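Each chain, letter by letter, is given below.
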Amino acid sequence: MAIRHVTERLMKAHPQLDAGLVQSSVQTAYEELRYARVRTYLPVLMERRAKDLLPPDEQTERRT
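First, a word on what this report is: a plain description of the structure on this page. (Residues numbered from 1 in each chain as written. Predicted model: local features only at pLDDT ≥ 70, side-chain atom pairs only at ≥ 80, totals over all residues. Heavy atoms only, no water.)

What follows concerns the packing of helix α2 (residues 19-33) against helix α3 (residues 42-53). The N-to-C vectors of α2 and α3 enclose an angle of 125°; their axes lie 8 Å apart at closest approach. One way to sum up the angle between α2 and α3 is to call them oblique. Here α2 and α3 pass one another in a crossing that is right-handed. Along the contact surface, α2 presents Ser25, Val26, Thr28, Ala29, Tyr30, Glu32 and Leu33, while α3 presents Leu42, Leu45, Met46, Arg49, Ala50 and Leu53. Tallied by class, residues from the contact of α2 with α3 come to nine nonpolar, two polar and two charged. (Axes fitted to C-alpha atoms, helices over the stretch in contact; angles between N-to-C directions. Helix = DSSP H or I, 4+ residues; strand = E, 2+ residues; numbered from the N terminus. Parallel < 35°, antiparallel > 145°, perpendicular 65-115°, else oblique. Left-handed = near helix turned anticlockwise from the far one by under 90°. Contact = heavy atoms within 4.5 Å. Nonpolar A, V, L, I, M, F, W, Y, C, P; charged D, E, K, R; others polar.)

Here it is, written out as structure tokens:
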């Protein structure tokens, strides 16, 4: 369930990206974190890690 919510948030935040790419990055983030002992913040950590795996946003690149 958390995977779906994280995927939906990232797809809304990055509509220009392919849905399969977003899903893949979230799944990878989940696989990396699934054995975490403390699971309270797992959705937040998954979202941050998935963002790191996504290609950089062109608009963000221009601002920096």
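This next bit is on the pattern of salt bridges. Under the defined criterion, the tally for this structure stands at four salt bridges. One salt bridge connects Glu47 with Arg9, and the closest N-O pair in it is separated by 2.9 Å. Here Arg9 lies in helix α1 (residues 2-13) and Glu47 lies in helix α3, a separation of 38 residues in the sequence. Under the relative-accessibility criterion, Glu47 is labelled buried at 16%. For Arg9, a relative accessible area of 39% translates into the label partly exposed. Residue Arg49 pairs with Glu32 through a salt bridge whose shortest N-O separation is 2.6 Å. With a gap of 17 residues between them, Arg49 in helix α3 and Glu32 in helix α2 connect regions that are remote in the sequence. You can call Glu32 partly exposed: its relative accessible area is 45%. (Salt bridge = Lys/Arg side-chain N within 4 Å of Asp/Glu carboxyl O. Buried < 20%, exposed > 50% of the residue type's maximum accessible area, 1.4 Å probe, protein only.)

A contiguous nonpolar patch, built from Val38, Tyr41, Val44 and Leu45 and spanning about 400 Å² of accessible area, is present on the exposed surface. With relative accessibility at 41%, the residue Val44 sits in the partly exposed group. (Patch = residues over 30% accessible without salt bridge, like charges linked within 9 Å, V, L, I, M, F, W, Y side chains within 5 Å. Areas by Shrake-Rupley, 256 points an atom, 1.4 Å probe, with all protein chains shown as cover.)

A few words now on the nonpolar core. If you look at the biggest cluster of nonpolar residues, it comprises ten residues: Val6, Leu10, Leu17, Val22, Val26, Ala29, Leu42, Met46, Ala50 and Leu54. Setting aside residues no more than four positions away along its own chain, Ala50 makes contact with Leu10, Ser25, Val26 and Ala29. (Core = buried A, V, L, I, M, F, W, Y, C linked by side-chain atoms within 4.5 Å.)

As a further point, take α2. The first and last C-alpha atoms of α2 sit 21 Å apart over 15 residues, in line with the 21 Å expected at 1.5 Å per residue. Of all the residues in α2, the buried ones are Val22, Ser25, Val26 and Ala29. For α2, the angular spread of buried residues about the axis comes to 95°, placing them on one side. Turning to α2, the residues buried within the fold contact α1 and α3. In this structure Asp18 caps α2, since a side-chain oxygen of it lies 3.2 Å from the backbone nitrogen of Gly20. (Expected span 1.5 Å × (residues − 1). Arc of directions from axis to C-beta. Polar contact = N/O pair within 3.5 Å; in protein donor to acceptor, adjacent residues only side chain to side chain.)

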